[in-house]
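Architecture at a glance
Chain residues, written in single-letter form:
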Amino acid sequence: MTLPSVSELKSQAKRLRRALNENGQVLSHSQALELVSAQHGFRDWNTACATASRPCDFAFSVGTRVSGTYMQQPFRGEIRALSKTGPKDQYRVTVQFDEPVDVVTFESFSAFRSRVTCLVQPDGIAVKKTSNGEPYMRLAVGD
């Protein structure tokens, strides 16, 4: 996820506070910082600030057009949700496929997926693997 810098997060909070105050909703600066943090998926301002201060090693962000394979089937799509998770550098990514992907290779039936969520490493390769050792998902930026 591409997270704005700490100064940009503070600017967002300032603009939010000003806009709400103009509409009669009184909001302190710290409350605005907490709301901006929540909008970016963090539990509080301290967590957002600490994360924004670290360099990002993930090439994907919400809205990024991606291609790759899911369950060894090719796809094109868009990242709809993204969050860093766990103590390791792992990301929970949700991809909306342009066209549903048939995840069953057996000829007598199909199981199509339009949107999937998967845990991936910074290189875009899924943490979990199928029974034949292939990663569930491989992501690449662009179509």
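Residues numbered from 1 in each chain as written. Predicted model: local features only at pLDDT ≥ 70, side-chain atom pairs only at ≥ 80, totals over all residues. Heavy atoms only, no water.

1. Here's the deal with unusual backbone geometry
Of note, Met71 is a non-glycine position whose phi angle comes to about 50°, a positive value. Its location among the elements puts Met71 in the loop between strand 1 (65-70) and strand 2 (73-85). The phi dihedral of Gln72 falls on the positive side, at around 65°, and the residue is not glycine. Residue placement: Gln72 occurs in the loop between strand 1 and strand 2. (Helix = DSSP H or I, 4+ residues; strand = E, 2+ residues; numbered from the N terminus.)

2. A word on the sheet that holds strand 5 (residues 137-141)
Spatial ordering of the open sheet is given by 4-3-2-1-5, a layout of five strands whose pairing is antiparallel. Pairing within the sheet leaves two strands with one partner each, and these edge strands are strand 4 (112-120) and strand 5. Adjacent strand axes in the sheet meet at a mean angle of 35°, parallel and antiparallel pairs treated alike. Where strand 2 and strand 3 (residues 90-102) come together, eight bridges link them in antiparallel fashion. Its bridge partner lying in strand 3, Ala81 is registered against Thr94. (Pairing = 2+ DSSP bridges. Axes fitted to C-alpha atoms, helices over the stretch in contact; angles between N-to-C directions.)

3. Comments concerning helix 3 (residues 45-53)
Within the sequence span of helix 3, burial applies to Trp45, Ala48 and Ala52. Seen end-on, helix 3 carries its buried residues on one side only, within an arc spanning 65°. Away from the buried face of helix 3 by more than 90 degrees, exposed residues Asn46 and Ser53 are located. Contacts from the buried residues of helix 3 go to helix 1 (6-22) and helix 2 (29-39). Of the residues that open helix 3, the one with a side-chain oxygen 3.3 Å from the backbone nitrogen of Asn46 is Asp44. (Buried < 20%, exposed > 50% of the residue type's maximum accessible area, 1.4 Å probe, protein only. Arc of directions from axis to C-beta. Contact = heavy atoms within 4.5 Å. Polar contact = N/O pair within 3.5 Å; in protein donor to acceptor, adjacent residues only side chain to side chain.)

4. Observations concerning the confidence of the model for the protein chain
Per-residue pLDDT for the protein chain has a mean of 87; in total, 92% of the residues score no lower than 70. In the model of the protein chain, helix 3 stands out as the element of lowest mean pLDDT, 82, in contrast to strand 4, which has the highest, 94. (pLDDT = per-residue confidence, 0-100.)

5. Quick word on the pattern of salt bridges
A full pass over the atoms with the stated rule returns five salt bridges. A salt bridge links Asp44 to Arg43; the shortest N-O distance between them is 3.8 Å. For Asp44, a relative accessible area of 22% translates into the label partly exposed. Here Asp98 and Arg65 are joined by a salt bridge, their closest N and O atoms 2.5 Å apart. (Salt bridge = Lys/Arg side-chain N within 4 Å of Asp/Glu carboxyl O.)

6. Focus on the pairing of strand 1
Of the pairings in the sheet, the one linking strand 1 to strand 2 comprises six bridges and is antiparallel in character. Counterpart to Val66 in the pairing with strand 2 is Gly77. Here strand 1 folds back onto strand 2, and the loop between the two strands holds two residues, one of which, Met71, carries a positive phi near 50°. The sheet contact formed by strand 1 and strand 5 spans five bridges and is antiparallel. Each residue of the ladder has a partner; that of Val66, found in strand 5, is Val141.

7. Some thoughts on the packing of aromatic side chains
The final tally for this structure, using the stated rule, is three aromatic pairs. Taken together, a centroid distance of 4.8 Å and an interplanar angle of 50° make the contact between Phe75 and Phe97 tilted. Placement of Phe75 in strand 2 and of Phe97 in strand 3 is noted, with a sequence separation of 22 residues between them. Overall, Phe75 belongs to the buried group, its relative accessible area being 6%. Considering the side-chain rings of Phe106 and Phe109, the 6.0 Å spacing of their centres and the 55° angle between planes classify their relative orientation as tilted. Under the relative-accessibility criterion, Phe106 is labelled exposed at 53%. Since its relative accessible area comes to 46%, Phe109 is described here as partly exposed. Three or more aromatic residues joined by ring pairs form one cluster here, namely Tyr70, Phe75 and Phe97. (Phe/Tyr/Trp six-rings, centres within 6.5 Å; stacked < 30°, edge-to-face > 60°.)

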